Structures are given as C-alpha cells and as structure tokens.
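Descriptive analysis of the structure
Here is what each chain is made of, one letter per residue.
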Protein chains: 2
Amino acid sequence: MISRNALNFSGGPGALPETVLAQVEAAIKEVPEVGLSILGISHRSDWFAAVVEETENNIRTLLGLSQDFHILFLQGGATQQFSMVPMTLLRGQKHAAEYLDTGYWSSKVVTEARREGPVKVLWSGESCGFNRLPSDGELDFSPDAPYLHYVSNETVEGLQFQRVVGRDDVPRVCDMSSDFLSKPCDANKFSVIYAHAQKNIGPAGVTIVLVHDTVVKASSDELPTFLNYRRQVESHSNLNTPPVFAIYVVLLVTRWLLNDVGGLENMAQTNRHKTELLYAMLDNSDGFYKGWSSKEDRSQMNVAFKLPDETLEQKFLAESHEAGFSGLAGHRAIGGIRASIYNALSLPAAEKLTNFMDDFLRHNRK
Amino acid sequence: MISRNALNFSGGPGALPETVLAQVEAAIKEVPEVGLSILGISHRSDWFAAVVEETENNIRTLLGLSQDFHILFLQGGATQQFSMVPMTLLRGQKHAAEYLDTGYWSSKVVTEARREGPVKVLWSGESCGFNRLPSDGELDFSPDAPYLHYVSNETVEGLQFQRVVGRDDVPRVCDMSSDFLSKPCDANKFSVIYAHAQKNIGPAGVTIVLVHDTVVKASSDELPTFLNYRRQVESHSNLNTPPVFAIYVVLLVTRWLLNDVGGLENMAQTNRHKTELLYAMLDNSDGFYKGWSSKEDRSQMNVAFKLPDETLEQKFLAESHEAGFSGLAGHRAIGGIRASIYNALSLPAAEKLTNFMDDFLRHNRK
C-alpha cells in the first residue's frame with residue numbers, strides 16, 4: 001500500500017521523502033538535541049548555526065562546489081532572485097544581459113529584469129509554442145553581456161536543458177528551482193544558481209542561492225540590506241530571522257540525498273528510470289498521450305502531456321484521484337496533465353502511475 | 001510538569017500554544033481534509049485559498065479591522081517592510097517621513113528608509129540609552145510628512161507604547177512585530193501595520209501586513225512585482241509560492257485566539273497578569289533585579305533586566321536552564337536577562353519563572 005503522500009505528483013510544493021517527513025513530525029514536538037519544538041528555536045542559537053553550516057556543507061559535497069561560492073538561504077522564492085540578480089549585475093550597465101525565453105517561468109524572469117537594466121532576449125520559444133529548447137547553433141552569445149540567464153528546467157512545459165549553455169567568459173546565471181540536486185551539475189561553471197526549495201529539497205519558504213564571490217563583491221550598498229548579496233553572506237543568512245523550519249527540512253533532505261540515496265549520480269539514475277517509464281507510455285500510446293515537449297528536450301522532472309480531448313482529461317484526473325494520486329492537473333497556463341516526478345517521488349510510485357495510465361488507455365481508446 | 005516548550009521565554013522564534021503544536025504535528029503527516037502532508041499541498045489548491053481566506057477573516061474579526069484594509073502574507077520578515085513602506089510612500093517625496101527612534105529595531109528601520117527618500121528622526125532615545133519612550137509633549141509632528149513610522153514594542157529594551165501616537169491627518173505606519181494580536185489595538189487608525197509571525201502568531205517565515213487601500217493605490221509598477229503591494233493584493237498573497245506551512249500555522253493560532261482564548265481582550269488580560277508578576281518581582285527585589293525600561297513604558301511582551309553583575313547573570317542563565325527554562329539570555333546588543341512572554345507563554349509558566357527568580361534572589365543576595 002503506497003500512501004497518498006507518496007503518490008503526490010504535484011508541480012510543487014510536492015512530495016518529500018517519507019523518512020524526512022517522519023523526522024519533521026518528531027521535530028515539531030521536540031528536536032532531540034535541543035529539547036524544544038523546531039518552531040520555537042532561536043535563529044541565534046548555536047544549534048541553528050550548526051544546521052546552516054551542515055546544510056551548506058552537504059550542498060557543497062553533493063555538487064562538488066568550489067570554495068569560491070557562498071551558499072545563502074533566503075526568502076522570497078525564485079521571484080526575489082529574478083530581481084536581485086539584475087539589481088546586482090545589471091543596474092547601470094550599458095550592454096544588455098542575455099536571457100533565454102524558454103517557457104512560462106523564463107517570461108516572468110525577463111519581465112523583472114527589464115525593470116533594472118537593458119535585456120536582450122537571445123532566443124524565444126514563443127513562435128514554436130514553447131515546445132522545444134534552442135540548439136547551440138541558434139544561440140549567438142555576445143562576449144559583452146554582463147551575464148547570461150536561463151532556466152534549467154521549465155516545469156510548466158516539461159522542458160529541460162541537458163547541457164550547460166553560454167560562454168565561459170560571460171557569467172552564467174541559472175534558475176534551477178525545479179531540478180536543483182536532482183542530478184549532478186557543473187555548478188562551478190555558473191556565477192549564480194538559485195532554486196526555491198519546494199520541488200526537490202524542502203517546503204515552500206526558503207530559496208537556496210549559490211553566489212560566486214565575484215558577484216558578492218559586485219553588490220551595491222545602495223540596495224536595501226536584504227537584497228544585498230554581500231550583506232547576506234556576511235550575516236551567514238541570518239541578517240534577520242531566517243525561515244528556521246524550512247532550512248531545517250532542507251538539512252534533512254540533503255542528509256537523505258547523501259546517506260540514503262548515496263549522492264546525485266544515484267538520484268539521477270532513479271529519476272531517469274522514472275521518466276523512462278512515463279515517456280515510454282507516451283510513446284507507445286499511439287498518440288493517445290501526446291507529450292508537450294520535443295523528445296530531445298524532455299524534462300526528467302515534469303512530464304507534461306495532453307489527452308485526445310478535455311473530457312478525457314477530466315476523466316483521467318478524477319479517476320487518478322480516486323486511485324490515490326494527487327497533483328496531476330497540468331499548469332493552469334497550458335492545461336492538460338502533468339506528472340511531476342521530483343526526487344522524493346519513488347520508482348514504485350512512477351510504476352503505479354504508468355500502470356494506471358496503461359489501464360486508462362485500454363479502457364478509453366476509441 | 002510543565003514541558004520545556006511551555007517554558008520557552010525566547011525573544012523569538014518563541015513558544016507556540018501546545019494545542020497548535022499538536023495540530024501542526026498531525027498535519028505534517030496528513031491534513032485531515034486533504035489527505036496529504038501540509039508540506040506537499042499546492043498553493044494553488046482550493047484548500048489553501050480557504051486557509052488564506054479564513055486567516056484573513058480571523059485577523060479582521062480579532063482586530064475589528066475595516067474593509068478598507070487588505071491583509072497580506074508576505075516573506076522577508078519585517079525587514080522587507082522596512083524597505084517596502086518607503087519604496088511605496090517615500091520615493092520622490094519632498095517632505096521627510098517622520099520616524100521615532102525608540103530602540104534597537106527602530107534604528108534598523110531608519111537606516112533602510114534613508115535609502116529611499118528624506119527621513120526625519122522626530123525623537124531619539126539614544127541620549128537616554130533607550131530606556132524610555134517619548135511623551136506626547138516631546139513629539140512635534142508635521143502635517144506635511146508623507147507618513148509617521150514607529151515600532152509599537154521594542155523587544156530588545158522591553159519598551160512598549162501604551163497609546164497610538166501621531167496625527168490623524170498623516171498616515172501612521174507601525175511595526176507591530178512583537179505585540180501584534182497580543183491585545184486589542186486601534187488598527188483602523190493606521191495606514192500600514194506589519195508584523196512578522198515569530199513572536200505571537202506563528203513560525204518564522206511569514207509576515208502579516210495590513211495595508212489600507214489608499215497605500216495599495218499608491219504602489220508603483222516600477223517596483224519589482226514582489227515589492228509592489230498592489231500586485232500582492234491582486235494575487236491574494238499568491239503571486240509566487242507563498243510559505244504555505246507558516247501561513248497554515250498562523251491560521252491555527254488565530255483559531256486558538258478566537259476560540260480557546262476568546263479574543264484579544266482576554267489575551268491582553270492574561271498577558272498583563274504575567275507581566276505584573278514579573279515586574280512586581282523586579283520592584284520588590286531591592287534593586288537585585290534592575291529593570292531596563294522606565295516603569296511607565298514597560299513592555300507587556302519583553303521584560304528586560306540586569307543582575308548586580310555578569311557573573312550572577314551567567315549563574316542565573318545556567319540555573320534557569322537547569323530548571324527547564326529556555327531563551328532567557330538578553331539580546332546580544334544589551335546583554336542581561338530578558339523574559340519574553342508572548343501570547344503562548346502561559347500564566348503558570350510566568351508563575352514558575354517568578355518563583356525561580358524569588359529563589360535565586362534569596363540564595364544570591366549579598
């Protein structure tokens with residue numbers, strides 16, 4: 001019997017590992033080594049400083065991240081980073097920062113960046129309905145751009161870059177909100193990586209930001225303190241009261257990744273197995289399940305697809321809910337169905353969904 | 001036997017009511033009406049929309065708040081509001097906004113405001129070592145100020161305004177982080193009230209902002225979306241993923257205030273009883289326990305005091321910890337001892353501390 005939590009295919013906030021949930025539940029009553037509820041522990045305590053330090057170290061270990069990076073735990077979601085990055089690197093610049101517009105989330109990032117300085121959209125998926133990503137041949141990067149920004153995985157459309165793009169002599173900034181710590185990544189090739197927690201690494205309410213030291217040094221003291229990377233680094237993410245609970249859950253998830261999963265290679269392998277099942281179901285359905293994205297850009301995190309008509313989609317959602325699955329409705333921007341299979345979603349859960357889809361197909365194919 | 005959670009006198013994040021903690025613990029496993037962990041429920045679900053609506057309604061009922069106010073649940077702590085307020089009301093203004101500098105937190109607010117426009121510190125407690133608040137006679141408000149800002153309760157020094165200050169024809173903005181929902185308040189006399197949750201109303205990670213409609217209308221679309229009150233109002237605090245968990249806990253606390261406590265009059269009465277015990281202990285200790293603030297400005301939330309010397313203070317902290325108390329160290333800015341007695345701290349807990357102090361006094365008086 002798989003629990004409803006374990007069958008949560010939501011686009012986020014999504015499932016967390018069952019062992020993490022059990023530890024969180026215990027910590028609401030009492031964090032063993034402190035004797036207090038996790039909700040009542042001071043952010044200035046030695047215990048919490050150790051939580052932040054261990055979480056940083058775990059992320060550094062998982063990614064093989066160089067000491068040139070600072071790791072921050074901030075509030076405001078990825079959305080706050082949409083602004084913090086250009087506030088730091090784009091204000092007052094003559095040359096345009098380059099942005100890739102690859103889907104729903106990219107478009108939002110571009111809107112916020114334009115408030116801060118000149119932006120060039122180097123490539124947009126708009127004309128192809130955001131169903132594919134650009135090839136290298138389509139991208140003509142300028143060496144003068146203050147930075148390149150892109151979104152590594154588009155959750156709505158289910159598109160994922162399988163490579164690092166951009167020039168090595170131009171800072172790369174990446175929104176990895178939806179695939180951070182889901183697979184190994186060449187993190188050291190970036191200048192800023194940010195990811196809100198609520199996909200693979202924790203609850204909504206904390207955003208992990210990896211900032212290269214050169215970016216930290218570029219921070220301006222004219223910015224409000226909380227939007228100043230340097231001030232956040234100097235205070236060890238404790239400028240004002242941080243979201244203690246959310247950071248603690250991230251710690252537990254990083255421990256799970258290191259100790260239970262055994263690192264990001266293993267995590268990636270499981271994630272690949274899960275999507276192979278689901279994409280094979282799409283590919284072998286004679287067009288009954290129609291994938292949104294082109295095959296070569298398919299996401300290992302979000303499998304977005306359509307059924308022959310909306311009535312069938314509603315039926316699919318109702319019956320899948322009845323069968324114990326949650327969160328399978330597509331994003332309101334494009335509709336359809338979306339199975340988000342973040343780290344905590346197990347292979348048996350993906351198998352169960354595949355079986356359900358197979359069953360549904362056999363009963364509803366015309 | 002009183003649990004360690006119930007004896008958490010921390011300046012924040014502090015204690016939460018035991019009945020709330022029990023409900024939170026259950027919700028980590030499964031929110032009954034959803035069948036999923038609170039950490040895995042979508043912020044776009046009908047269930048979460050109902051959570052936000054009920055929490056808003058509860059706050060409105062508790063305060064008797066008029067429909068001219070919008071209630072927001074934002075991230076970034078009170079610190080984000082230090083900037084959002086002047087970004088909205090001060091940028092481009094000729095006349096200075098007036099700020100009262102009454103303690104540790106006020107000073108931080110002033111620093112952030114100065115980045116956005118002209119600020120006049122109307123009164124400062126610096127010369128008296130921040131041990132008292134201004135009388136009405138000391139405050140000469142200008143009718144031309146874009147707004148007046150003050151902090152209703154200074155947690156570090158333990159100073160609390162027992163009245164609403166300012167002119168009725170100038171917008172009042174108040175940081176009520178440490179006494180929000182601890183007593184009735186003339187909320188309708190303000191234009192903006194903000195309060196982070198981690199004192200009286202929930203865990204760190206969410207800030208409640210009450211914004212009068214005139215302020216919402218003054219919001220500029222030149223601001224980043226997440227710093228624009230109007231955009232936050234239009235999205236019902238769901239512009240990007242809000243801190244679902246923290247907001248849910250705030251809902252539970254507002255239910256506790258309404259149903260278990262029976263409203264803010266009752267809450268204020270209990271809070272008064274708690275501080276009467278503690279301040280009486282200070283006053284009857286022949287100067288052994290020396291209160292920080294002048295009697296007439298004493299806080300009902302934070303009782304800050306000194307012992308005859310630091311060695312005794314260290315002894316007090318060690319022995320109180322041994323006896324099951326937590327969080328009694330004074331703020332690092334001024335040292336000494338601080339008993340924070342927020343809503344969730346019960347009268348029996350305050351009695352227990354008073355008894356401990358009495359005992360300690362008898363054993364350590366010279």
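Since the structure is predicted, the reported quantities are computational estimates derived from the model, not experimental observations. (Residues numbered from 1 in each chain as written. Chains lettered and ligands numbered in written order. Predicted model: local features only at pLDDT ≥ 70, side-chain atom pairs only at ≥ 80, totals over all residues. Heavy atoms only, no water.)

So, helix α3 (residues 77-89) of chain A
Helix length check: α3(A) (13 residues) gives 19 Å between terminal C-alpha atoms against 18 Å at 1.5 Å per residue, within 8%. For α3(A), the buried fraction is high: 13 of the 13 residues fall into the buried class. (Helix = DSSP H or I, 4+ residues; strand = E, 2+ residues; numbered from the N terminus. Expected span 1.5 Å × (residues − 1). Buried < 20%, exposed > 50% of the residue type's maximum accessible area, 1.4 Å probe, protein only.)

What to know about the interface of chain B and chain A
The interface is formed by 53 residues belonging to chain B together with 53 residues belonging to chain A. Taken as a group, B:E25, B:L39 and B:F226 account for 14% of the area that chain B buries against chain A, more than any other trio of residues on that side. Here chain B and chain A share 22 residue pairs in polar contact (both at pLDDT 80 or more) between them. When residues of the side of chain B that touches chain A are traced back to their parent elements, those giving at least two are α1 (18-29), α3 (77-89) and α7 (244-261) of chain B. (Contact = heavy atoms within 4.5 Å. Buried area = accessible area lost by both parts, 1.4 Å probe. Polar contact = N/O pair within 3.5 Å; in protein donor to acceptor, adjacent residues only side chain to side chain.)

So, the UniProt feature "modified residue: N6-(pyridoxal phosphate)lysine" (unreviewed entry) in chain A
Residues and elements named next belong to chain A. The sites that UniProt annotates as "modified residue: N6-(pyridoxal phosphate)lysine" (unreviewed entry) are K199. You can see K199 is positioned in the loop between β8 (192-196) and β9 (207-212). Assessed through its relative accessible area of 10%, K199 is described here as buried. Look past the residues within four positions of K199 in its chain and what remains in contact with it is G11, G12, A15, T155, S177, S178 and Y342. (UniProt positions renumbered as here; feature names shortened; annotations may be inferred.)

Section: the pairing of strand β11 (residues 302-306) of chain B
Residue and element names in this part refer to chain B. A large share of β11 lies buried, amounting to four of its five residues. Direction of pairing for strand β10 (residues 290-291) relative to β11: antiparallel, over a ladder of two bridges. Its bridge partner being in β11, K290 is matched across the sheet by K306. Note: β11 against strand β12 (residues 337-340), four bridges, orientation antiparallel. By the bridge assignment, F305 is partnered in β12 with I337. (Pairing = 2+ DSSP bridges.)

Regarding the domain arrangement of chain A
As a measure of interface size, the accessible area lost when the parts come together is often cited. Residues and elements named next belong to chain A. According to the domain assignment, chain A consists of domain 1 (20-261) and domain 2 (263-364). Taking both partners together, domain 1 and domain 2 bury about 2,200 Å²; carbon and sulfur atoms supply 56% of that area. Remark: the boundary between domain 1 and domain 2 carries zero salt bridges. Secondary structure elements with two or more residues in the side of domain 1 that touches domain 2: α2 (46-63), β5 (153-154), β6 (159-160) and α7 (244-261). (Domains from an automatic or database assignment. Salt bridge = Lys/Arg side-chain N within 4 Å of Asp/Glu carboxyl O.)

Focus on the pattern of salt bridges
All names here are of chain A. Considering all chains together, one arrives at 35 salt bridges over all chains under this definition. Between E234 and R230 there is a salt bridge, with its nearest N and O atoms 2.6 Å apart. Separated by four residues within a single helix, E234 and R230 lie in helix α6 (residues 229-234), roughly one turn from each other. Taking the shortest distance from any N to any O, the salt bridge between D283 and K295 comes out at 3.9 Å. Taken together, the residues D283 in helix α8 (residues 264-283) and K295 in the loop between β10 (290-291) and β11 (302-306) connect sequence positions 12 residues apart. Residue D283 is classed as partly exposed on the basis of its relative accessible area, which comes to 38%. Counted as one network, the salt bridges with shared partners bring together D221, R230, R231 and E234.

Some points on the packing of α1(B) against α7(B)
All names here are of chain B. As a packed pair, α1 and α7 sit with axes 10 Å apart at the nearest point and diverge in direction by 145°. In this structure, α1 crosses over α7, and the sense of that crossing is right-handed. Contact residues: α1 offers T19, V20, Q23, V24, A27 and I28, while α7 offers F245, Y248, V249, L252, V253, W256 and D260. (Axes fitted to C-alpha atoms, helices over the stretch in contact; angles between N-to-C directions. Left-handed = near helix turned anticlockwise from the far one by under 90°.)

Some thoughts on the packing of aromatic side chains
All names here are of chain A. Summed over all chains, the structure comprises 33 aromatic pairs over all chains. Centroid distance F316 to F356: 5.3 Å. Interplanar angle 75°. Geometry classified as edge-to-face. In this pair, F316 sits in helix α9 (residues 310-322) while F356 sits in helix α10 (residues 347-364), placing the two residues 40 residues apart along the sequence. Both residues of the pair, F316 and F356, count as buried. (Phe/Tyr/Trp six-rings, centres within 6.5 Å; stacked < 30°, edge-to-face > 60°.)

A word on the sheet that holds strand β2 (residues 97-101) of chain B
Residues and elements named next belong to chain B. Strand order across the open sheet formed by seven strands is β1-β9-β8-β7-β4-β2-β3, with mixed pairing between neighbours. Only two strands of the sheet have a single neighbouring strand rather than two, namely β1 (69-74) and β3 (119-124). Recorded for the sheet is a direction-independent mean angle of 20° between the axes of neighbouring strands. Here five bridges tie β2 to β3, and the two strands are oriented parallel to one another. Bridge pairing links E98 to K120 in β3. Strands β1 and β9 (207-212) of the sheet are contacted by helix α2 (residues 46-63), whose axis makes an angle of about 125° with β1. Of the strands in this sheet, β1, β2, β7 (172-175), β8 (192-196) and β9 are in contact with α3, which crosses β8 at around 160°.

Description of the nonpolar core
By size, the foremost hydrophobic cluster in this structure holds 123 residues, and its most contacted members are A:F180 and B:F180. Ignoring sequence-local partners within four residues, the contact set of A:F180 consists of A:I59, A:L63, A:I193, A:A195, A:N200, A:I201, A:I208 and A:L210. Counting 60 residues, the second largest nonpolar core, distinct from the first, contains A:M84, A:V151, B:A97 and B:L227. (Core = buried A, V, L, I, M, F, W, Y, C linked by side-chain atoms within 4.5 Å.)

Considering unusual backbone geometry
In this structure, the amide linkage connecting A:G12 to the following residue, A:P13, adopts the cis form with an omega of -10°. When you line up the elements, A:P13 lands in the segment before α1 (18-29). One non-glycine residue, A:S237, lies in the positive phi region at around 60°. Positionally, A:S237 belongs in the loop between α6 and α7. Residue A:S237 is classed as buried on the basis of its relative accessible area, which comes to 3%. Unlike most non-glycine residues, B:L181 shows phi in positive territory, near 65°. Turning to its location among the elements, B:L181 is positioned in the loop between β7 and β8. For B:L181, a relative accessible area of 2% translates into the label buried.

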